[in-house]
Every structure is written in structure tokens, then in C-alpha cells.
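Examination of the molecular architecture
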Amino acid sequence: MSNLFSQKIIILDFGSQYTQLIARRVRELGVYSEIKAWDARIDASLISDASGIIFSGGPESVTDGANAPKIPEILFSYKIPILGICYGMQAIAKFFGGEVQSSSKREFGYARLKKVNESLLLEGVADHRSEGNEEFLDVWMSHGDKVVRIPEGFSCIASTKSCPIAAFSNEQKSIYGLQFHPEVTHTKQGSSILKRFVRDICECDEVWTSDAIIEDQINRVRELVGAESVLLGLSGGVDSSVVAALLNKAIGNKLTCVFVDNGLLRKDEGDMVMQMFADNMGIKVVRANAQEEFLEALEGVKDPEKKRKIIGQTFIEVFERESKNIGDIEFLAQGTIYPDVIESAGAETGKAHVIKSHHNVGGLPSEMKLRLVEPLKELFKDEVRKIGLTLGLPKQMVFRHPFPGPGLGVRILGEVKKEYADILREADAIFIEELHRSGWYEKTSQAFAVFLPVKSVGVVGDARRYEWVIALRAVETIDFMTARSAPLPHDLLETVSNRIINEISEVSRVTYDISSKPPSTIEWE
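The structure presented is a predicted model; accordingly, all values stated were derived computationally and were not measured. Numbers given for residues are sequential positions, taken from 1 along each chain in its written order. Reporting in this predicted model follows two pLDDT cut-offs: at least 70 for local features of residues, and 80 or more for side-chain atom pairs to be given and counted; totals over whole chains, interfaces and linings ignore these cut-offs and use all residues. Just so you know, side-chain values use all the structure's heavy atoms and leave hydrogens and water out.

**Looking at the sheet that holds strand β14 (residues 331-333)**
In space, the five strands of this open sheet follow the order β13-β12-β11-β14-β15, with parallel pairing throughout. The open sheet terminates on both sides in strands that have one partner only, identified here as β13 (284-289) and β15 (371-373). On average, adjacent strands in this sheet sit at an angle of 30° to one another, irrespective of strand direction. Two strands pair if DSSP finds at least two bridges between them. In this text, helices come from DSSP runs of H or I with a minimum length of four residues, and strands from runs of E with a minimum of two, each type numbered from the N-terminal end. In this structure, strand β11 (residues 230-233) lies alongside strand β12 (residues 255-261), joined through four bridges in parallel fashion. In the sheet register, Val 230 faces β12, and the bridge partner there is Leu 255. Note on contacts: a residue pair qualifies if any of its non-hydrogen atoms lie within 4.5 Å across the two residues. Here an angle of 0 to 180 degrees is reported between the N-to-C directions of two axes, which are lines fitted to C-alpha atoms, with helices fitted over the stretch in contact. With respect to the sheet, helix α5 (residues 210-225) is in contact with β11, β14 and β15, its orientation differing from that of β15 by roughly 165°.

The structure is reproduced here in C-alpha cells:
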């Protein structure tokens, strides 16, 4: 094990929407973190390698008896610091003989927390002090149940008006519980609290940095690949672009990239990808122009999941054909990132439903006989971006909004046609251009246009226009698991709408999607 992974924090996931955020917050402190499901196989080797354990929150209730998710007993067999958050705190209380009850008053949102006893976890951490030197914290709560009796050996270290036991600790065992969520930005001192746990209580050093990750991955790739050659499917998105830059640094001309132009890309994207990598970085890139092949395969198909599968299968066929032309390839590189791995693990256990297919996850066709290289599979998206900047990729490439694998194929509702793709490309380019001009591109996490296969009446000059409808979508999100529509200014939306309708004669109406995720997804298909 490299020094990079010699210290790690295990996040035991009880189903919280914030679990990935906890892991990212730990990594921001320079320490590697790893997420495990609460009912995953937890053995001695996993625990002995851990410097600390964090129990996430979750939607269940510890009062549900046998149906409630439980903490694996083995985790308390080792003297490893433990921090329970929300449900995690309640599960700790239950395990050690405390009492948890459903509260008559649900506490959700801001709360002022009063420190009532000394604790290493909260020592010196405060937002306010009273004249009597009492210390208070501004925190974010989200719970219905609460601990009403502390287990023997524990002491209450903080409280709120509606939650008298809002935090507890067993200093001797280094076990801590917080009813509030330190991982969210609404808890102002959340990072300080997590830093106290990770760096001071767990005694972890700051070794998880972009430079260290790059050096580690270069060494691992060189050791794995040896003198063999690697093939990478380059999409032009952040993940595959960072993989290309990383592998180029690790193995140089032993890397060949295949860029499949499927006719479903954003405006001028194919030329941009070729210029960026082949011309500026000297990376070998083969461009496969397969627009007609993809459009023919999609002809008459309207179901979103079928479209995704057809696009994924056609991509594999084109990619495989190009790889045979190149020859002498032993490895295939993919831009798989850690959230993909987490979601795949959930699917394998049967606990996750298929919302939509990811065509780059799930292995390779057996006939390809290539071994995988996935240098980003332990990284979150924000870490991938930091590494991209460190490797010298331009900021506009690294912070480009996400683009789905099937491209415009899932932003054209119903059947995909070249006519629709051409219209959508132009509308999308106008939207993105105006977002950049207004400064809103950096304020949104993802923005794009959608082609609706319905016609609407419009009037241009004195003429009646009966043409297509374009929907605009822009969202704000931290982890893409949940999202809200971006509050774009009305005058900006009006400018975009006017430009699209005036510059694209095939469009008569523009709408703005204000749906949140959940219940909607970010993409329309």
C-alpha cells in the first residue's frame, strides 16, 4: 500500500443523501476516505487498515427493531475512533444501551447548539460566546428521532432547545455522536469539527493531495501496463480528458486515444477535442467519423433506455473496429470515477434501481479481451478537476459542464434525427454563450438545451410560424445526487429565448425547466 492510502477513514453508509459529501469533506482535509454499505462484508483487514470510522445519517429509524440497519459489532472490537452523525449517533446510543425515541417535533434546518460539557471533538470550536463565556454553534439539523437517554460511559456535550442530547462522547473509547450534520455548509464550523476528528483524534496526516495522487497513479499505471500499449475512448468530457493527460504523462506514446464522433456532440466539439489533444498536447488521437452509423441505428427508436443501450452498443462496435485497426493493444483505459463505482456496487447488491444506464460502467464485451486501466476510479469529480488543472489542462476544459455519454441522443426527446440534432446544437451553443457572457456559467453546475418533438405556433413579423420547442435546463448541485433549478435572471432567459427564436428559424418557442432532483432527474431522458 502506498503512503497515499496508509491512513484512511471508513464511511459506513446508512442511506444518507449526504454520505458522498462526508467522504469528500474528509478528502478535502488531505485524508483518503472510502464508503462502505452498512451491511457490506466488514472484516478484520478492513478495520485494521482504518484510522477512523464515520457512521452516516439515514432515512430509517433505530426504533424499528429488527428492521432497522445496525452497526456491525466487529467495529467496536478495535480501539479505532468512531464518529456517528444523525442516524449514526442514534445507532451508537442504541448499541450501547441508550434510548432513542421518535420526537413529537421534527427538527429540520438551522439550530443554535449550546456546548454543555468539555470534549476533544468540540474543544475550541464555536460561532458565538455569551457574556458568561458559554459557547454556541450554528448547525444544520435533519431528524425526527433523538437520543433521550445516554448510554453508560457517555456524556452529553451539546444540546439545543428541542434536542437536549444533540451531541455526546465517550472520551475514553474515542466514540462521538452528533445529531446535526457537520458535512453540510450550513453548519458553519462543520469543517473544523471534521478536521478535529480526522486530523487530531484519528491522528491522520495530510497526504491526500493532487500532486501525491498524480504521482501514485503514474507509478501504478507504469507497474500495471509495463511495456504494453493502452487504448482510451476520448469523449472530450472532463473524466476522459484527465485520464488522457494522466496516461500521457505516465506512458507517453504507448497511449492511443480513439475519439468517436457520433453526430450527437455539442457544436464544434469534435474539432475542439482534436485540437486540444492531438495538436496542443501531442497525444495520438484517432478520429472515427460515425455519425451516419449512429443515426441509422437510432432510426425509429423513441424509448430513452433503448436509445442509451443502442448508443452504447454502437459506440462499442465502432471503438472495437478502430482498436483492431490500431492493433497490439493490451489495455483499455476508462474514465470511471468513484461515484460510478459506488452506484455499481449498489446495483450489484440489488439495492439500487436502474434510473438510467451508464455505458462506460460494467466492464467490457468478453470478445474484446482487453484489461482495464481506471486511474480515476477512487476519485470524486471535484478531485478529478483539481488533478486536471495540476496536469496543465485549461480551466475551460476542466470546469466544463458534464455531458452525458449518449450526448444529444438523450436531450432529443423521442426519435433522434439529424435535423433535430442540428437545431439542438445551435440552441445549446446560444444558451451556453449567453451564460458565459453573463457570468452565470460558473454559478451553475450543469446547463443545456433540450429538443422537444412538439410544434407550437409563433409569429415572426407578420408571418405565422409553426415550429419546434426548445427547453432550457440549468441546475445548482453539490454532488449531482440532488439538484435545484438555477435562479437565472429573467432578462437573461429572455435574451436567450429571443436569440434562439430569431437565429434558428425552426424554433418558435423556448421554455425554462424549474424542476428539482428529486423527483425529476437532471437530464430529461
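The discussion continues.
**Things to note about the packing of helix α13 (residues 418-438) against helix α14 (residues 490-503)**
Across the interface, α13 lies against α14 with an axial gap of 10 Å and an inter-helix angle of 145°. Remark: the crossing between α13 and α14 carries right-handed chirality. Of the residues in α14, those in contact with Ala 427, Ile 430, Phe 431, Glu 433, Glu 434, Leu 435, Arg 437 and Ser 438 of α13 are Leu 492, Thr 495, Val 496, Arg 499, Ile 500 and Glu 503. Lys, Arg, Asp and Glu make up the charged group, whereas Ala, Val, Leu, Ile, Met, Phe, Trp, Tyr, Cys and Pro make up the nonpolar group; the residues left over, Gly among them, are polar. Residues of the contact of α13 with α14, tallied by class, amount to seven nonpolar, two polar and five charged. A crossing counts as left-handed when the near helix is turned anticlockwise from the far one by less than a right angle, and as right-handed when that turn is clockwise.

**Section: the packing of aromatic side chains**
Each Phe, Tyr or Trp ring (for Trp, its six-membered ring) is paired with any other whose centre lies within 6.5 Å, and the angle between the two planes then decides the class: stacked below 30 degrees, edge-to-face above 60, tilted in between. Per the counting criterion, the structure on display carries 17 aromatic pairs. Each ring, one from Phe 96 and one from Phe 154, has its centre 5.4 Å from the other, and the planes form 50°; the classification is tilted. Linking Phe 96 in the loop between α3 (87-95) and β5 (99-115) with Phe 154 in the loop between β7 (135-149) and β8 (155-159), this pair joins segments that are 58 residues apart in sequence. Of the aromatic side chains, those joined through ring pairs into one cluster are Phe 14, Trp 38, Phe 55, Phe 76, Tyr 87, Phe 95, Phe 96, Phe 154 and Phe 168. Positioned over the ring face of Phe 136 is Arg 112, at 5.8 Å from the centre of the ring. When the ring centre of Trp 468 is taken as origin, the NZ or CZ atom of Lys 455, which lies over that ring, is 4.8 Å away. Note on geometry: a ring has a charge over it if NZ (lysine) or CZ (arginine) is within 6 Å of the ring centre and within 35 degrees of the ring normal.

**Describing the nonpolar core**
Take the buried residues of types Ala, Val, Leu, Ile, Met, Phe, Trp, Tyr and Cys, join any two whose side-chain atoms come within 4.5 Å, and each joined set is a nonpolar core. The classification of residues rests on relative accessible area computed with a 1.4 Å probe and restricted to protein chains. Under 20% of the type maximum is buried, over 50% is exposed, and intermediate values are partly exposed. Counting residues in hydrophobic clusters, the biggest one holds 46 residues, and the most contacted among them are Leu 435, Ile 470, Leu 472, Leu 488 and Ile 500. Elements with a contribution of two residues or more to this core: β12, α8 (291-298), α9 (304-326), α13, β16 (446-460), β17 (463-476), α14 and β19 (507-513). Setting aside residues no more than four positions away along its own chain, Ile 470 makes contact with Ile 423, Leu 424, Ala 427, Ala 449, Val 450, Phe 451, Ile 500, Val 507, Arg 509, Val 510 and Thr 511. By size, the runner-up hydrophobic cluster in this structure holds 43 residues, among which are Ile 214, Val 238, Ala 250 and Met 276.

**Focus: the pairing of strand β10 (residues 175-178)**
Across the two faces of β10 the burial is the same, with Ile 175 and Gly 177 and Tyr 176 and Leu 178 all buried. Across four bridges, the pairing between strand β4 (residues 82-85) and β10 is parallel. Note on β10: the bridge partner recorded for Gly 84 is Gly 177. Taken together, the four bridges between strand β9 (residues 167-170) and β10 define a ladder with antiparallel strand orientation. When the sheet's bridge partners are listed, Phe 168 is paired in β10 with Gly 177. Adjacent in sequence and paired antiparallel, β9 and β10 are bridged by four residues, among which Ser 174 carries a positive phi angle near 55°.

**Focus on the side chain of Ser 445**
Within the secondary structure, Ser 445 is located in the loop between α13 and β16. We call two N or O atoms a polar contact when they sit within 3.5 Å, provided that within protein one can donate a hydrogen and the other can accept it, with sequence-adjacent residues counted only if both atoms are side-chain atoms. Side-chain polar atoms of Ser 445 contact the backbone nitrogen of Thr 477, separated by 3.0 Å. With sequence-adjacent residues up to four places away left out, Ser 445 is seen in contact with His 401, Pro 402, Val 475, Glu 476, Thr 477 and Phe 480.

**With respect to the state of the cysteines**
Cysteine pairs can be linked by a disulfide, which is a covalent bond between their two sulfur atoms. Note that a disulfide, as used here, is simply two cysteine sulfur atoms within 2.5 Å. Applying the stated criterion across every chain, the model contains zero disulfides. Here Cys 156 stays free of any disulfide, with the sulfur of Cys 163 as its closest cysteine sulfur at 8.4 Å. Residue Cys 156 is classed as buried on the basis of its relative accessible area of 14%. With no disulfide of its own, Cys 204 has Cys 202 as its nearest cysteine by sulfur position, at a separation of 5.3 Å.

**Overview of the side chain of Ser 16**
Considering the arrangement of structural elements, one finds Ser 16 in the loop between β1 (8-13) and α1 (19-28). On the accessibility criterion, Ser 16 (13% relative accessible area) is buried. Apart from the residues within four sequence positions on either side, Ser 16 is in contact with Ser 56, Gly 57 and Gly 58.

**A few points about the packing of helix α6 (residues 238-251) against helix α11 (residues 381-390)**
It is at 10 Å that the axes of α6 and α11 come closest, and there the two elements cross at 45°. The angle between α6 and α11 places the two elements in the oblique class. Seen from above, α6 lies across α11 with left-handed handedness. Residues Val 238, Asp 239 and Val 242 of α6 touch α11, and the partners they reach there are Lys 381, Val 384, Arg 385, Ile 387 and Gly 388. Its residues assigned to classes, the contact of α6 with α11 comprises four nonpolar, one polar and three charged. Should an angle fall under 35 degrees it is taken as roughly parallel, and over 145 as roughly antiparallel, whereas 65 to 115 is taken as roughly perpendicular and any remaining angle as oblique.

**Let's talk about the pattern of salt bridges**
One side-chain nitrogen of Lys or Arg within 4 Å of one carboxyl oxygen of Asp or Glu is enough to make a salt bridge. Following the criterion strictly, the structure yields 35 salt bridges and no others. A salt bridge links Glu 523 to Arg 411, with the shortest nitrogen-to-oxygen separation between them at 2.8 Å. Of this pair, Glu 523 sits in the segment after β19 while Arg 411 sits in the loop between α12 (395-398) and α13; the two residues are 112 residues apart in sequence, bridging distant segments of the chain. Look at the salt bridges and you will find they share partners, linking Glu 433, Glu 434, Arg 437, Arg 499 and Glu 503 into a network.

**Some remarks on the confidence of the model for the protein**
Per-chain confidence: the protein averages 89 in pLDDT, with 93% of residues scoring 70 or above. Confidence scores labelled pLDDT are given residue by residue by the predictor and lie between 0 and 100. Segment residues 346-363 is flagged for pLDDT under 50; beyond a separation of four residues in sequence, or across chains, it makes 25 contacts in the model.

**Regarding α8**
Every buried residue belonging to α8 is among Phe 294, Leu 295 and Leu 298, and all of these are buried. Summarising the axial view, the buried residues of α8 lie within an arc of 95°, below the 170-degree limit, and thus occupy one face. The outward face of α8, more than 90 degrees from its buried face, is lined by the exposed residues Glu 292 and Glu 296. In this structure, the buried residues of α8 make contact with β12, α9 and α13. Positive phi shows up at Gly 300, right after α8, with a value of about 80°. The directions considered for the arc are those from the helix axis to the C-beta atoms.

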